[in-house]
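# Per-entry structural report
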Amino acid sequence: MHADEVDIDEELVRRLVAGQVPTWADLPIEAVASSGTDNAMYRLGTDLAVRLPRIPGAAKDVAEEQQWVPLLAPHLPVVVPMPVACGGPALGYPYPWTVCRWLPGTNPAVDDLAAPEQLAADLASFITALRRVPPDGAPSSGRGVPLAMRDKPTRAAIAALDGLVDTAAVTAVWQGALRIPAWSGPPAWAHADLSPGNLLVRDGRLTAVIDWSIAGVGDPTVDLIVAWNLLPASARLTFREALDADDDTWRRGRGWALSISLIQLPYYGHTNPALAANSRHVIAEVLADTA
C-alpha cells in the first residue's frame, strides 16, 4: 500500500517473537485480515496479537501508544488493546512493535448494523468519556487541528478524483466546511480514527476500540466522523444529541469525514478495497446529508 512499506510475514513474526518474548515462541501465528493501512496484525495463540508498523510514520507512534493506552483504559466504557510486551528492531525488521491482548468481537458492517441506535449511543458514550480524560502531558493529535490545515491535500485529492466522484459537489461542501468557525474549546482527547475497522461489536453493542496510534489532544471534533463512515442517517440524530453537538461542530465533523475519505480514495483505490469502499460510502453519505 505504501512505497516505503517493509515486508512482513508470518515467518518474520515467528522469529521476532521467539527471539524477544520466547515464552510465547510455540504459540501459533496467523495473519489477521484487516483494512488497516499502517500496521500489520498477527494473532498469537488465542489471547494475544502482535502489531507491527509497516512504515516509518507508524513506527514513531508506537511508544506513545504503549504509554497512553493503559492510562486511558480505566476511564473508558469499552475495552482497549492493552500492551503486554514490547519488541524492538531485529532480523532486518527496523521498527518497535507490540504484543497486546486479543479482544473478542467483530468489525461492524456498514448497512448491516444489528442495533444502529444503540451503537450510536455507545459511540457517543465512548467519545464523551474519552474527552473527559485530563489532557495534561498528552501528545497532540495530528487531526486535532483546524480544517484549513487540510485544504491543500483535500483539493489535490479532489483533482485526482475527477471523473470518479462529483467533484463540483464535493468542492462546494468542502468550501462550506472551511467557512465554519474553528474549534474554540479547550484541548481534549480524541481517538482520531473512529472507522469501522477500528471498532469491535458484539450483539450490536460497542465492546472495544482499537488502533490508538494517532490519538491525542486538540480539537476533538474529528471523532464525529463515525456518524458518516458507519452510522446510518436514521441513527445520526441519536449520536448528535448524545454528544450535544452544535451546528458548527456537527458541520465541522462532516467536513472531517469528507476530507479523510477524499484523501484516502485515490491513495488506496487499488490497494485497499475495503477502505476505498468505505471512502466512497462516506462521500455519498456526506453529499446526501448536505443536499
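A short tour of the structure in this document, coming up. On a predicted model such as this, the values are computed, not experimentally measured, just so you know. Sequence order as written defines residue numbering, which begins from 1 separately in each chain. Where totals are concerned, whole chains, interfaces and linings use all residues; where local detail is concerned, this predicted model gives features only for residues with pLDDT of at least 70, and gives and counts side-chain atom pairs only at 80 or more. Hydrogens and waters are ignored; side-chain quantities use all the structure's heavy atoms.

The next subject is the pairing of strand 5 (residues 97-101). Look at any regular strand and the pattern is simple: side chains alternate between the two faces of the sheet. Only protein chains enter the accessibility calculation, which uses a 1.4 Å probe; a residue is then buried when its area is under 20% of its type maximum, exposed when over 50%, and partly exposed in between. For the purposes of this entry, the term helix denotes a DSSP run of H or I that reaches at least four residues, the term strand denotes a run of E that reaches at least two, and both are numbered from the N terminus. In terms of residue burial, strand 5 counts as a mostly covered element, since four of its five residues are buried. Relative to strand 5, strand 3 (residues 48-53) runs antiparallel, the two being bridged by four bridges. In the sheet register, Arg51 faces strand 5, and the bridge partner there is Thr98. Only strands that DSSP links by at least two bridges are regarded as paired with each other. Pairing of strand 4 (residues 83-87) with strand 5 involves four bridges; the strand directions are antiparallel.

Turning next to the sheet that holds strand 2 (residues 39-44). In any sheet, the strands associate via hydrogen bonds between backbone groups, in a parallel or an antiparallel arrangement. Judged by pairing direction, the sheet is antiparallel, and its five strands sit side by side in the order 1-2-3-5-4 without closing on themselves. Strands with a single pairing partner mark the edges of an open sheet, and in this sheet they are strand 1 (29-31) and strand 4. Recorded for the sheet is a direction-independent mean angle of 25 degrees between the axes of neighbouring strands. The sheet strands contacting helix 1 (residues 10-20) are strand 1, strand 2, strand 3, strand 4 and strand 5, and the helix crosses strand 1 at an angle near 140 degrees. Packed on one face of the sheet, helix 3 (residues 62-72) meets strand 3, strand 4 and strand 5 and runs near 160 degrees to strand 4. Only the stretch in contact is used when fitting a helix axis, every axis being a line fitted to C-alpha atoms; angles between N-to-C directions are given from 0 to 180 degrees. Whether two residues touch is decided by their heavy atoms; if any such pair falls within 4.5 Å, the residues are in contact.

Here the focus is the environment of Ser35. Looking at where Ser35 falls in the secondary structure, it is placed in the loop between strand 1 and strand 2. Each C-alpha atom of the pair Ser35 and Asn107 lies 10 Å from the other, and the pair is 72 residues apart in sequence. Not counting chain neighbours up to four residues away, the residues in contact with Ser35 comprise Gly197, Asn272, Ala274 and Leu275.

For this analysis, a salt bridge means a side-chain nitrogen from Lys or Arg found within 4 Å of a carboxyl oxygen belonging to Asp or Glu. In total, this model carries 13 salt bridges according to the counting rule given. When the shortest N-O distance is used, the salt bridge between Arg251 and Asp248 registers 3.5 Å. With Arg251 and Asp248 both in helix 9 (residues 247-268), this residue pair falls three residues apart, about one helical turn. Asp248 sits in the partly exposed class, given a relative accessible area of 28%. One network of salt bridges, with partners in common, ties together Arg51, Glu65 and Asp211.

Taking 1.5 Å per residue as the helical rise, helix 9 with its 22 residues ought to reach 32 Å, and the 31 Å between its terminal C-alpha atoms agrees with that figure. Summarising burial for helix 9: 16 of the 22 residues are buried, a large majority. A 3.5 Å cut-off defines polar contacts: any pair of N or O atoms within that distance qualifies, except that in protein one atom must be a possible hydrogen donor and the other a possible acceptor, and neighbouring residues in sequence count only when both atoms are side-chain atoms. Where helix 9 begins, one side-chain oxygen reaches toward the backbone nitrogen of Asp248, 3.3 Å away; that side chain belongs to Asp246. In this analysis, the expected span of each helix is defined as 1.5 Å times one less than the number of residues it contains.

Next up on the list: empty space enclosed by the protein. Within this scheme a cavity is a closed region of a 1 Å grid, computed over the protein atoms alone, that accommodates a 1.4 Å probe without allowing it to escape, whereas a pocket is open but has protein on both sides within 12 Å along at least five of seven lines; lining residues each have an atom within 4 Å of a point. Grid points are joined across faces, edges and corners, and a volume is the space filled by probe spheres set on the points. Across all of its chains, the model carries one cavity of 30 Å³ or more by this definition. Surrounding the largest cavity, Asp61, Glu64, Glu65, Trp68, Val69, Leu72, Trp189, Trp212, Ser213 and Ala215 form its lining. At five residues, helix 3 tops the list of elements feeding residues into the lining of the largest cavity. Basically, the charged four are Asp, Glu, Lys and Arg, the nonpolar ten are Ala, Val, Leu, Ile, Met, Phe, Trp, Tyr, Cys and Pro, and anything else, Gly included, counts as polar. In the lining of the largest cavity, the residues fall into six nonpolar, one polar and three charged.

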